[in-house]
Amino acid sequence: MNRIHLCLAHMSPSGAEKKYVQEAFDTNWVVPLGPNVEGFESDLKAFLDAPREVVALSSGTAAVHLALRLLGVGPSDEVLVQSFTFCASSNPVRYLGATPVFIDSEPQSWNMDPDLLKSAIEDRISRKGRKPKAIIPVALYGMPYDVGRIMETAGSYGIPVIEDAAEGLGSKSGGRALGTFGKFGVLSFNGNKMITTSGGGALVCEDSQTRQAAMKLATQSREQFPYYQHEQIGYNYRMSNVCAGIGRGQMTVLREHVAHHRMLASFYREAFSSVPGIDFHSGPRGAVEGSNYWLSTVNLDPALRIRGQDSVYESLAGEPHCRPNANVEALRIALDEAGIESRPLWKPMHLQPVYRDADAYLNPFNLYGETSPSVCEAVFKTGLCLPSGPCVSLEDARYVVDRITDAVR
Ligand SMILES: *Cc1c(COP(=O)(O)O)cnc(C)c1O
């Protein structure tokens, strides 16, 4: 039997990706600009369907970095970042010598808590005498953050928002695409995201002037002279025309991919509703409509014991790091033995050794009768990501549910 993976790249059945890549070779556009880059950008713009401009880049991380640079973030600045995320949301803050300050999640969406955001802004202003320079909410696993309240709070203090929608391509809030509300939006086309360019990202900008500024920074800040003239430090961040060809092909199946992720999520939600102690993360009402369900996730009641994995429980006793509960690791290994890849949730940034000195604003939270210092820590310790995406069939998902049900019975 084939292994069931977490979320693999999935090419279009029509082979559109190869057609565009072949075209790049046939026309000798094997460079970081060209018709595929322009075509991919305009496909993305059409998909987002909002008054926004798009710049295709070498990665989502590059998009976060450029957004921060364009907002003038530098040493001595602070940026408020959702703690529950992948390190690409916050590392670029450090690239610029600035300081990330982490914000805990709300329990419903697992994303940036709007109330905590407001009190953190007040506290930073009273302590530092200055406003934070930017706010980065993240659509974790595709789930929309509370766009309305985050934008309202940010707006009332005049702080720009960079939406990290790297996992949220195809997610919406109030019918509008994530990434199109803030000053900037970030998308990723890494191998395991909603679509892939083998590696790549995009920056969503408010207007064509900002887009031009982003393009310039992404091409080493070259000035418009026949010779090479540089008046600022730039980066080599543009997307290759070959990779953009893959992206153009993937755009032909993006809507189907989103539908498939959502179909699997509905299946898991329904299937686990009758399994005590296994809780599917649906998100708040309304978000259910809006999430692309990039990855489906469940939480495990710490009281559940996984069958046949006693050695895992023993081996984990005394491990020094903040880590998923022993039963989560035991389930991960039980699934692995059954040919199923699963993975712990993102470990919150404020719990990462590399960010040990960073300030964090946290909500103490009680989950399964245990009190945790923060929502994201509680969710991280009890959570597991399940196979999702177009490479996972309904039959595969049924097998995943059966193996989990067996393991906890
Ligand atoms: C994947 C991801 C990114 C960045 O993407 P890359 O294209 O891998 O650089 C940023 N933020 C989050 C939350 C992500 O999951």
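Residues numbered from 1 in each chain as written. Predicted model: local features only at pLDDT ≥ 70, side-chain atom pairs only at ≥ 80, totals over all residues. Heavy atoms only, no water.

S.K.: Would you explain the overall build of the protein chain in this entry?
M.R.: Scanning the protein chain for helices and strands turns up 14 helices and 16 strands. Here the protein chain has a C-alpha radius of gyration of 22 Å; the compact-globule value for 409 residues is 22 Å, and the two agree. Expressed as lengths along the three principal axes of its C-alpha atoms, the size of the protein chain is roughly 70 × 60 × 40 Å. For the protein chain, the residues scored as buried account for 57% of the 409 residues in total. Counted over contacts in the protein chain with a minimum sequence separation of 6, partners at least 24 positions apart contribute 71%. Placing the 39 positive and 45 negative side-chain charges of the protein chain at their respective mean positions leaves the two points 3 Å apart. (Helix = DSSP H or I, 4+ residues; strand = E, 2+ residues; numbered from the N terminus. Rg over C-alpha atoms; globule rule 2.2 N^0.38 Å. Buried < 20%, exposed > 50% of the residue type's maximum accessible area, 1.4 Å probe, protein only. Contact = heavy atoms within 4.5 Å. Lys, Arg positive; Asp, Glu negative; His and termini not counted. Charge placed at Lys NZ, Arg CZ, Asp CG, Glu CD.)

S.K.: Which parts of the structure should I look at to understand the nonpolar core?
M.R.: Nonpolar side chains in soluble globular proteins tend to end up buried together. Counting 60 residues, the largest nonpolar core has F40, F84, I135, Y141 and F189 as its most contacted members. Apart from the residues within four sequence positions on either side, I135 is in contact with L80, M112, L117, I121, A154, I159, P160, V161 and I162. In terms of nonpolar packing, the next biggest core, distinct from the first, is built from 36 residues, Y268, L331, L386 and A407 among them. (Core = buried A, V, L, I, M, F, W, Y, C linked by side-chain atoms within 4.5 Å.)

S.K.: I tried to follow the packing of helix 1 (residues 16-26) against helix 8 (residues 241-251) on my own but got confused; where do I start?
M.R.: Packed helix pairs are characterised by how far apart their axes lie and by the angle those axes make with each other. Running from N to C, helix 1 and helix 8 cross one another at 150°; their axes reach a closest spacing of 7 Å. Between helix 1 and helix 8, the angle falls in the class roughly antiparallel. Here helix 1 and helix 8 pass one another in a crossing that is right-handed. Contacts between helix 1 and helix 8 involve A16, E17, Y20, V21, E23, A24 and F25 on the former and, on the latter, N241, V242, G245, I246, R248, G249 and Q250. (Axes fitted to C-alpha atoms, helices over the stretch in contact; angles between N-to-C directions. Parallel < 35°, antiparallel > 145°, perpendicular 65-115°, else oblique. Left-handed = near helix turned anticlockwise from the far one by under 90°.)

S.K.: I would appreciate a short explanation of the sheet that holds strand 12 (residues 343-344) in the present structure.
M.R.: Backbone hydrogen bonds are what pair the strands of a sheet, in a parallel or an antiparallel way. Spatial ordering of the open sheet is given by 10-11-16-12, a layout of four strands whose pairing is antiparallel. On the outer flanks of this sheet lie strand 10 (278-280) and strand 12, each paired with one strand and no other. (Pairing = 2+ DSSP bridges.)

S.K.: Looking at this structure, I do not really get the packing of helix 3 (residues 60-70) against helix 7 (residues 208-218). What am I missing?
M.R.: Close contact between helix 3 and helix 7 brings their axes to 10 Å; oriented N to C, the two are set at 115°. In terms of crossing hand, the pair formed by helix 3 and helix 7 is right-handed. Along the contact surface, helix 3 presents L66, R69 and L70, while helix 7 presents A213, A214, L217 and A218. Here the contact of helix 3 with helix 7 is composed, by residue class, of six nonpolar, no polar and one charged. (Nonpolar A, V, L, I, M, F, W, Y, C, P; charged D, E, K, R; others polar.)

S.K.: What is the right way to look at the sheet that holds strand 3 (residues 99-103) in this model?
M.R.: One open sheet holds the four strands; their spatial order is 4-2-3-13, and the pairing between them is parallel. At either end of the open sheet lies a strand with only one pairing partner, and these are strand 4 (134-136) and strand 13 (360-361). Two elements, strand 3 and strand 13, share two bridges in a ladder whose sense is parallel. Residue pairing in the sheet places F102 in a bridge with A360 of strand 13.

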